[in-house]
Amino acid sequence: MKSVPNDKTIHSFSVKGLWGEKDICWDKINPDMNILVGINGSGKTTLVNLMYAYYRDTKALRKIKHTEVKGSPDVAQLADTEIVYVRNLDVPTRRKEESPLLQELENAVYQNKSSNSLFSYRMKMVDYPERYNEIQGRMQQLQQVVDGFFSETGKTMTILDGRLFFETRHGNVCQLDGLSSGEKQMLLILLRVFLLEAKSAVVFLDEPEISLHIGWQQLLLDTLTTLNPNAQFIVTTHSPSMFGRGWGDKVVYMEDILTDAK
């Protein structure tokens, strides 16, 4: 993992006038893994939203009044860096097909206007035959990772005739919409990181533990850094299981970077 900052990662970030009463000064942001922890309402998600808006959504940033934000490096220096934000999309809907989580997952698998999809990545084996072995090897790695997580429910990832589905231990077929909320959430997170192709990137994850059982939470960060060892991760969480196995030195407590506005 990276040990020193570089121009492809966020080094520091400050917010003045948050909610009209708080300042945030986050220096020495780790170039590899950062885990933001704090009580409900402490500003974890708000901070991550502001960081993403600062680097990728200036229109949204302009709507935030009386708040001053500043990041290092500046926006221009990270203009060519892939920045991914995986939000918690497991929200109740009247109809399954309207689920934001399912829609985002289907985009990541089949078509995504804003970034790569799994099937467009696979097509690179045809478009770039010199990369065939590399891409095939990474696809095999992804399948091993996904099958490892889904092994307890007996599902195996299968790609056939331009569709991704899962075969069960009883020989049945499970489509994406048949996956549990936790399985959809996990698959989406894995795909968004996998599709970065191990390139330098900044990945924001907001409370990824929601819908994931403890065993998956314990494995998630190790798995993501294996899929992309060159990414900088900024993760918010309420779950000690996310960082209890070897990630304690990457934890940042909101109370340590949050002060009353001057």
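Use the structure listed above.
Treat the numbers as computed from the prediction; the structure is a model and nothing was measured.

Tracing the chain through its elements places Pro 31 in the loop between strand 2 (22–26) and strand 3 (33–37). A residue is classified by how much of its surface remains accessible, and Pro 31, at 6% relative accessible area, is buried. Sequence separation between Pro 31 and Gln 232 is 201 residues; the distance between their C-alpha atoms is 5.4 Å.

Let's shift gears to the sheet that holds strand 8 (residues 173–174). Taken in spatial order, the 3 strands make up an open sheet running 6-7-8, and their pairing is antiparallel. Each edge of the open sheet carries a strand with a single partner, namely strand 6 (155–160) and strand 8. Relative to strand 7 (residues 163–168), strand 6 runs antiparallel, the two sharing 6 bridges. By the bridge assignment for strand 7, Ile 159 is matched with Leu 164.

Let us now look at the pairing of strand 5 (residues 82–86). Strand 5 sits mainly inside the fold: 4 of its 5 residues count as buried. In this structure, strand 5 lies alongside strand 9 (residues 201–206), joined through 5 bridges in parallel fashion. When the bridges of strand 9 are listed, Val 86 appears paired with Leu 205.

Next up on the list: the sheet that holds strand 3. In spatial order, the strands read 5-9-10-3-11; together these 5 strands make up an open sheet with parallel pairing. Two strands lie at the open edges of the sheet, namely strand 5 and strand 11 (251–253), each paired on one side alone. Each strand axis lies, on average, 15 degrees off the axis of its neighbour in the sheet, ignoring direction. Sitting on the sheet, helix 1 (residues 44–56) is in contact with strand 3, strand 5, strand 9 and strand 10 (231–237), with an inclination near 150 degrees to strand 5. Across the sheet, helix 6 (residues 181–194) lies against strand 5, strand 9 and strand 10, angled at about 180 degrees from strand 5, the strand it touches most.

A word on the packing of helix 6 against helix 7 (residues 214–227). Two quantities define a packed helix pair, namely the angle between the helix axes and the distance between the axes. In contact at an axis separation of 9 Å, helix 6 and helix 7 are set at 20 degrees when each is read in the N-to-C sense. When the interaxial angle is binned, helix 6 and helix 7 end up roughly parallel. Taken as a pair, helix 6 and helix 7 cross one another with a handedness that is right-handed. Side by side, helix 6 and helix 7 meet where Gly 182, Glu 183, Met 186, Ile 189, Leu 190, Val 193 and Phe 194 of the first sit next to Trp 216, Leu 220, Thr 223, Leu 224 and Leu 227 of the second.

Attention now goes to the pattern of salt bridges. Once the charged atoms of two side chains with opposite charge are near each other, the side chains can pair. A complete count under the given rule lists 7 salt bridges for this structure. Notably, a salt bridge pairs Glu 134 with Arg 131, separated by 2.9 Å at the nearest N-O pair. The class of Glu 134 is partly exposed, set by a relative accessible area of 39%. Shared partners join several salt bridges into a network, and the residues in it are Lys 124, Arg 131, Glu 134 and Glu 197.

Following both chains from N to C, one finds helix 5 (residues 132–150) and helix 6 inclined at 160 degrees, their axes separated by 11 Å at the closest point. Judged by the angle between their axes, helix 5 and helix 6 are roughly antiparallel. The interaxial crossing formed by helix 5 with helix 6 has right-handed handedness. Between helix 5 and helix 6, the contacting residues are Arg 138, Met 139, Leu 142, Val 145, Val 146, Phe 149 and Phe 150 on the first element and Glu 183, Met 186, Leu 187, Leu 190, Leu 191 and Phe 194 on the second. Considered class by class, the residues forming the contact of helix 5 with helix 6 number 11 nonpolar, no polar and 2 charged.

For the rest of this paragraph, the subject is the nonpolar core. Phe 166, Leu 176 and Leu 187 are the most contacted members of the largest nonpolar core, which has 54 residues in total. By residue number, the principal contributor to this core is helix 6, which donates 8 residues. Contact partners of Leu 187, with chain neighbours within four places excluded, come to Leu 105, Val 146, Phe 150, Phe 166, Leu 176 and Leu 179. Of all hydrophobic cores here, the second largest spans 28 residues; its members include Val 15, Val 69, Met 254 and Leu 258.

What counts and what doesn't
- Residues numbered from 1 in each chain as written.
- Predicted model: local features only at pLDDT ≥ 70, side-chain atom pairs only at ≥ 80, totals over all residues.
- Heavy atoms only, no water.
- Helix = DSSP H or I, 4+ residues; strand = E, 2+ residues; numbered from the N terminus.
- Buried < 20%, exposed > 50% of the residue type's maximum accessible area, 1.4 Å probe, protein only.
- Pairing = 2+ DSSP bridges.
- Axes fitted to C-alpha atoms, helices over the stretch in contact; angles between N-to-C directions.
- Contact = heavy atoms within 4.5 Å.
- Parallel < 35°, antiparallel > 145°, perpendicular 65-115°, else oblique.
- Left-handed = near helix turned anticlockwise from the far one by under 90°.
- Salt bridge = Lys/Arg side-chain N within 4 Å of Asp/Glu carboxyl O.
- Nonpolar A, V, L, I, M, F, W, Y, C, P; charged D, E, K, R; others polar.
- Core = buried A, V, L, I, M, F, W, Y, C linked by side-chain atoms within 4.5 Å.

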